[in-house]
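If you want the building blocks of each chain, they are given just below.
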Amino acid sequence: MSSKVFKLIDKEKVRQVTGLEMIPSENYVSEDVLKALGSILTNKYSEGFPHARYYGGNEVIDEIEIYAQDLANKLFGTKFACVQPYSGSPANFAATMAVCNPGDVVMGLALSSGGHLTHGANLSFSSIFYKAVNYTVGKDWQINFAELEALAKKHKPKMIWVGTTAYPFKLDYSKFRKIADLVGAWLVADISHISGLIVGGVHPSPVKYVDLITTTTHKTLRGPRGAMILVTERGYKKDPEIKGKIEKAIIPGLQGGPHNHQTAAIAVALEEASKPVFKKYAEQVAKNAAVLAKELGTVSENHLILLSLNDYGFGMGYQAQAALEAAGITVNKNTIPGEPVSPFYPSGIRLGTPALTSRGMKEKEMIKIAGWIKEALEEIRGYDLPKEQEARKEFIKKVKAKMKENPKLKKIRKEISKFASKYPVPGIK
Ligand SMILES: Cc1ncc(COP(=O)(O)O)c(C=O)c1O
């Protein structure tokens, strides 16, 4: 193990063990998932699908892929599972390609309201090749269904996304279904963030209401980086040819050979998610998020918290991310609904509990961590973002350096290193 890479991996291990990982889209996979992901299955080419490959030697790969598909269908209650998307964004591109022609109208929640890039954001394929129409959240930060209905009636979308990436509330899929039915649109749930919560029964399942589901496998589901496209009974009724259309969108549409090591690791993660202990995990993720949110003066109905920092000053997201990082807490800066500054210098942070919960932390630990977060955030007061755009880049550079040298943050960093090291990270010995 002489490669420089292994030394760097060891360095990253230290970061993962001694810090508090609170980016809500991240998690720690099990040792078995890591084993499958690092296996010799990466050596094989398997373009195509089980029993219909362009290459020979795929008997075992077929078995693995079919096994992963079966596990996914059983776990989510769907009729078909495509487990080949390389990741969430290509899965969403393939799902869109399967049901839309270029130029068709696709609706999704705006990025600034907690939606994902692939649901119709500027510069994404979803607005370059399709006509994107975005719905938003209201002043209460919840989806504005009146606006969604009016936009759907006006623009007659071919497809409506229901899925979020920075939204702390539960989703009522029945409301989306009613609106999709008014205009005959495909309703597609992107459950990337909440798939683990759905499996654990902590968030309602979209299966009864939507036609297709996409999900990443590496967030609350605790699998390797990857994704799946699932077809519900409704989806098949809407178009009995949908399976073939999804497969065609994957290859030759978008991808080449599947990542078989990734498929195998997804299967291992799905096996793990099928066990009763996973339900307990998902329940704890949500309990932890609710407690953490309360301590920070807000609410969470799922696994994540969106925190406005307007009480600390103007445009404080970057500064907060830097202060928390210096203290050993990893979060990400995030826009808040009605963002007063800009997507690059947003006014909030997004944080969550999936990874901490995988280390066995519970409510008691959340209260302790909330205390550190509040202490660290006090250190950003007075560092308001300059109003002049040109001054911002340099200002942030200086703030980062200041936070690294801040004695209070250094002290918290030490406390956190000691605290975090007591909670084992799955997959790291
Ligand atoms: C809702 C949602 N969909 C899709 C994706 C894209 O996944 P990936 O980063 O694997 O492309 C994300 C990632 O954050 C997401 O939150």
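Residues numbered from 1 in each chain as written. Predicted model: local features only at pLDDT ≥ 70, side-chain atom pairs only at ≥ 80, totals over all residues. Heavy atoms only, no water.

### Quick look at a nonpolar patch on the surface
No. 1: Together, Val-5, Phe-6 and Ile-9 make up a nonpolar patch on the protein surface, roughly 240 Å² of accessible area in all.
No. 2: One can find Ile-9 in helix H1 (residues 4–18). (Patch = residues over 30% accessible without salt bridge, like charges linked within 9 Å, V, L, I, M, F, W, Y side chains within 5 Å. Areas by Shrake-Rupley, 256 points an atom, 1.4 Å probe, with all protein chains shown as cover. Salt bridge = Lys/Arg side-chain N within 4 Å of Asp/Glu carboxyl O. Helix = DSSP H or I, 4+ residues; strand = E, 2+ residues; numbered from the N terminus.)

### Considering the domain arrangement of the protein
It is common to report an interface's size as the accessible area lost on association of the parts.
No. 1: Under the domain assignment, the protein is made up of domain 1 (31–273) and domain 2 (303–420).
No. 2: The centre of domain 1, based on its C-alpha atoms, is set 31 Å off from the matching centre of domain 2.
No. 3: Contact residues are listed per partner, giving 13 residues for domain 1 and eleven residues for domain 2.
No. 4: Between domain 1 and domain 2, a total of about 1000 Å² is buried, with carbon and sulfur atoms accounting for 65% of that surface.
No. 5: A per-residue breakdown of the area domain 1 buries against domain 2 is headed by Ser-112, Trp-141 and Ala-166, which together make up 45% of the total.
No. 6: Counting every contact that joins domain 1 to domain 2 gives zero salt bridges.
No. 7: The interface formed by domain 1 and domain 2 holds four residue pairs in polar contact (both at pLDDT 80 or more) in total.
No. 8: Looking at the side of domain 1 that touches domain 2 residue by residue, the class counts come to eight nonpolar, four polar and one charged. (Domains from an automatic or database assignment. Contact = heavy atoms within 4.5 Å. Buried area = accessible area lost by both parts, 1.4 Å probe. Polar contact = N/O pair within 3.5 Å; in protein donor to acceptor, adjacent residues only side chain to side chain. Nonpolar A, V, L, I, M, F, W, Y, C, P; charged D, E, K, R; others polar.)

### Overview of the site of the ligand
No. 1: In the vicinity of the ligand, 13 residues are found, and the nearest of them are Ser-87, Ser-89, Thr-165, Asp-190 and Lys-219.
No. 2: In the environment of the ligand, an oxygen atom lies 2.4 Å from a nitrogen or oxygen atom belonging to the side chain of Ser-87.
No. 3: One of the backbone N or O atoms of Gly-88 is found 2.9 Å from an oxygen atom in the ligand.
No. 4: Computed on the free molecule, the ligand has an accessible area of 400 Å², of which 85% lies beneath the protein chains in the complex.
No. 5: The element contributing the most residues to the shell around the ligand is helix H4 (residues 88–99), with three residues.
No. 6: Considered class by class, the residues forming the shell around the ligand number no nonpolar, eleven polar and two charged. (Near = heavy atom within 4 Å.)

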